[in-house]
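# Chains, contacts and geometry: an overview
Each chain is listed here by its residues.
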Amino acid sequence: MFHIFPKHTGVYNILDNIEYLELEVHFRHINSLLKLPKFDRAFIDVNINSLTKNIESFKHTEDATCLRRIRWQEKLLSPSEIELYKDERSCLTDTQKKYNQWLLETGVSEVSSGHSSSVNEVSKRCHKKRNKKSRKAELSSKERWGEIFTYVHEDDFNPDDGALLSNGKKIEKQTRFDEHVAAQQFMYIFAAISPDTQLVSLAWYPELRQLHIYPDFNDFAVNPYYIQVDTDYRHLYAFAVHNVSKRRYVANPTTYLRLPELTAHWQEERDLNTLFDLPPKRTTRISLLFELRQASGFSYDNINVRYQIKLPANTILEEGVLNASTHASSPGPANVDCFFGYNWQLTLLCEEDFDPTHLLHVYFEVISIDSWGRERIEGYAHYSTYLLTGSKSAKLMCLCPADGILETLTRYLIGGRRLFDFMSFYTDTAKDTLVKSRYGCRIKSTGQLELSCQCFRQRHCELLTPCTNKTSGMTLDDIMLAYRESRRRLEAVVLK
Amino acid sequence: MAEVHVIGQILKAVDFAEPHLYCKWSLQSGSAWKLVQGEVAGQTLVSSNRLEQASDFAHPLDIHLATASIQGWPKLHVEVYAVNVLHKSWPVGYGFVHIPSRPGAHRLELLTWKVAPLTWWDSVREKFGGGGVGLSKADLIYTGVERYKLQTRSSGKIIIDLNLVFRNFAKFGVEFK
């Protein structure tokens, strides 16, 4: 006999436009398992003098196979629909009136029942123009009568339990539960046999970009689906559905399986300046994150670190402070280091004339405070960095002028701080000569500081800002500056 | 707006003298930063370890931030508390650290400190489990310019594992490396 293949739902992720989906339905009425000639008097009369009568009859039997190509949401009218819609009085909705108009224009009202007619959504638009081209399209669609008809989403068709296959129930149930999939579209392909029988149901979920089809695509020659209808006697039909959509190159595929954009109000705004705080024109914003982690090796406890920052030329302090001090810290019971864990952020604006070879200097002064509130200098340190992006950490050796016996006694007994221009000591380039001699300068090392620094920057590139009016505010100087900046960045990338 | 995903965990506290610890944490950032999803403050469980001087928290962090500026870079602020058998708790460590400015995996070592006892009586009370001195306002941990009057003692370290995902910064001309 024949083998019945199980039906299952096919789920397809579609990147392209669903409008380009095209199916081919292969439907055949199996009269008998043996191919017998079918007696048809009319056909025999036409071919009365033909010796090849039997052969033609065989061909006619083979022609019971119906092959139909159907595009997505293409309407094919059933015989009962033609009967219904050809009468204008029975057309209530806009869709029904549209079908009626189409039937009138194509003259389908004369068609006997048992045939169906098709409405091409694309050609429908053309009908309104009433040009010759559209008439040609109508005539071609008229020729596509057959046993297959469709219900499209516009019909608002709800298959009843008898007509709906199990997958249809599944889809309906899924629709109830998945309320977020609100914009799904359905399409049903039916066969105009008695009674009308559903062949295929399709559901399209635009948000998921998924097409569900039941039963799945198959091959008529290999695994056709069978329908058995028991009326006065048993009818057997076989059908298959192929996907014959043309493969297209999708230049910009729809964003599938990407993280959803935030539905915040700021995403509706398109101006980058309002979306993000950009630095002023022809400037670069540089942000430095410092962390003074700990101090170790100092002779007194309860030390605090006071820092001063000297900015390079042609930079402006936008946010942060240049002078501050940390809290006073002493070693704990479990360790000998003084933990600070002190973080601060510095934001600078570098002007156009800023030279990246210039350094940013940070000077540290380590001070201890005893229980009597007397301060003592524990050491000085210095850190300099280029304003380049990246992360660095350093251990800074602290230095202090060496004391004599008297100074040592004074420091021990009385405390206090001696005046020492440590900033000039580290970075006074004005007094430097060719040979930098500090022979007479007695310095001792006292302890060390642990510092880390992270730097990142933000450029104001003209190319980043969408220009609605290209003539507004753009001068030749601006263009040349942007060109120079781009060239400089390109060179930096190439030479890296 | 640019976005930052902070995903990770507060792994453990090490080198604390007290055995039973928990910590409160919060994320502080500038006014241009907004929380999109997640929690910016929380509290871990109380943990102790009999084998080593560490308290394992493994407290998850999953924060999604959006920002309109690079100023006010977010900082993770931690307060460590000790608990005694009477369920009395007192602060034993304060600290804060900037979220790293590079995407990827990071292990942070947050150094904490606690307020030094001001008087002899405070020292005795701290020594015998009566609780140490704490800050009256939590924002004193990370604010202030002249902080030298705040006398502290080194406490332990908090180990934090973070995975950072940055989004749209390049679109606004921000370069991290």
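Attention here is on the structure that accompanies the text. (Residues numbered from 1 in each chain as written. Chains lettered and ligands numbered in written order. Predicted model: local features only at pLDDT ≥ 70, side-chain atom pairs only at ≥ 80, totals over all residues. Heavy atoms only, no water.)

## Section: the overall build of chain A
The following threshold applies: Only DSSP runs of H or I covering at least 4 residues are called helices, and only runs of E covering at least 2 are called strands; the numbering of each starts at the N terminus. Any residue under 20% of the maximum accessible area for its type is buried, any over 50% is exposed, and the rest in between are partly exposed; the area is computed with a 1.4 Å probe on protein chains only.
What chain A contains, in helices and strands, is 11 helices and 21 strands. Here chain A holds 496 residues, and the buried ones make up 42% of them.

## Concerning the pairing of strand S9 (residues 151-167) of chain B
All names here are of chain B. This is how the line gets drawn: Paired strands, as defined in this entry, are two strands with at least two bridges between them according to DSSP.
Of all 17 residues that make up S9, 12 are buried, and the element is covered over most of its length. Taken together, the 11 bridges between strand S1 (residues 2-14) and S9 define a ladder with antiparallel strand orientation. Paired with valine 6 across the bridge in S9 is leucine 164. Examined bridge by bridge, strand S8 (residues 104-115) and S9 share 11 bridges and lie antiparallel to one another. Looking at S9, one finds that alanine 105 is bridged to asparagine 163.

## Observations regarding the sheet that holds strand S1 (residues 10-13) of chain A
All names here are of chain A. This is how it is decided: To get an axis, fit a line to the C-alpha atoms, keeping to the stretch in contact for a helix; angles then go from 0 to 180 degrees between the N-to-C directions.
What the 5 strands build is an open sheet, ordered S1-S9-S8-S7-S6; its pairing is antiparallel. At either margin of the open sheet sits one strand with a lone partner, and together these are S1 and strand S6 (148-151). Geometrically, the sheet is characterised by an average inter-axis angle of 20° between neighbouring strands, direction not taken into account. Across 4 bridges, the pairing between S6 and strand S7 (residues 185-191) is antiparallel. By the bridge assignment for S7, phenylalanine 149 is matched with phenylalanine 190.

## Some points on the environment of Glu18(B)
Residues and elements named next belong to chain B. Filter applied, for reference: Contacts: residue pairs with any heavy atoms within 4.5 Å of one another.
Among the structural elements, glutamate 18 can be located in the loop between S1 and strand S2 (21-28). You can call glutamate 18 buried: its relative accessible area is 16%. In the structure, glutamate 18 is positioned 63 residues away from tyrosine 81 in sequence and 9.1 Å away in space, judged by C-alpha atoms. When neighbours within four sequence positions are excluded, glutamate 18 is seen to be in contact with Ala82, Trp90, Val92 and Lys114.

## Section: the nonpolar core
Considering soluble globular proteins, one finds that nonpolar side chains tend to be buried as a cluster. The condition is simple: We define the nonpolar core as a collection of buried residues of types Ala, Val, Leu, Ile, Met, Phe, Trp, Tyr and Cys that are connected through side-chain atoms lying within 4.5 Å of one another.
One finds Trp73(B), Ile158(B), Ile160(B) and Phe169(B) to be the most contacted residues of the largest nonpolar core, which totals 41 residues. Of all the secondary-structure elements, those providing two or more residues to this core are S1, S2, strand S5 (54-67), strand S6 (75-83), strand S7 (89-98), S8 and S9 of chain B. Other than its neighbours up to four places away in sequence, Phe169(B) contacts Phe276(A), Ala2(B), Glu3(B), Val4(B), Thr67(B), Trp73(B), Val174(B) and Phe176(B). Counting residues in each nonpolar core, the second largest holds 40 residues, with Leu348(A), Cys350(A), Cys455(A) and Phe96(B) among its members.

## Quick notes on the interface of chain A and chain B
Buried accessible area, meaning the area lost when the parts come together, often serves as the stated size of an interface. Inclusion rule: By convention, the term buried area covers the 1.4 Å-probe accessible surface removed from two parts as they join, with the contributions of both added. The term salt bridge refers to a pairing of a side-chain nitrogen on Lys or Arg with a carboxyl oxygen on Asp or Glu at a separation within 4 Å. Asp, Glu, Lys and Arg are counted as charged, while Ala, Val, Leu, Ile, Met, Phe, Trp, Tyr, Cys and Pro are counted as nonpolar; the rest, among them Gly, fall into the polar class.
Across the boundary between the two partners, chain A contributes 56 residues, which contact 49 residues of chain B. Here chain A and chain B share an interface that buries about 4,400 Å² over both sides, 54% of which is from carbon and sulfur atoms. Taken as a group, Phe276(A), Phe339(A) and Phe456(A) account for 16% of the area that chain A buries against chain B, more than any other trio of residues on that side. Counting across the chain A and chain B interface gives 4 salt bridges. We note a salt bridge from Arg293(A) to Glu109(B), for which the minimum N-O separation is 3.2 Å. For the side of chain A that touches chain B, the secondary structure elements donating two or more residues are helix H8 (272-275), strand S12 (284-296), strand S13 (303-310), strand S14 (315-319), strand S15 (323-325), strand S16 (328-330), strand S17 (338-350) and strand S21 (443-459) of chain A. No other element matches S17(A), which puts 9 residues into the side of chain A that touches chain B. When the residues that make up the side of chain A that touches chain B are grouped by side-chain class, the tally is 23 nonpolar, 21 polar and 12 charged.

## Here's the deal with the pattern of salt bridges
Counting across every chain of the model gives 26 salt bridges over all chains. The salt bridge involving Arg285(A) is made with Asp277(A); its shortest N-O contact spans 3.5 Å. Given a relative accessible area of 1%, Arg285(A) falls into the buried group. The class of Asp277(A) is partly exposed, set by a relative accessible area of 32%. Here the salt bridges share partners, and the residues they tie into one network are Arg457(A), Arg459(A), Glu485(A), Arg488(A), Arg489(A) and Glu175(B).

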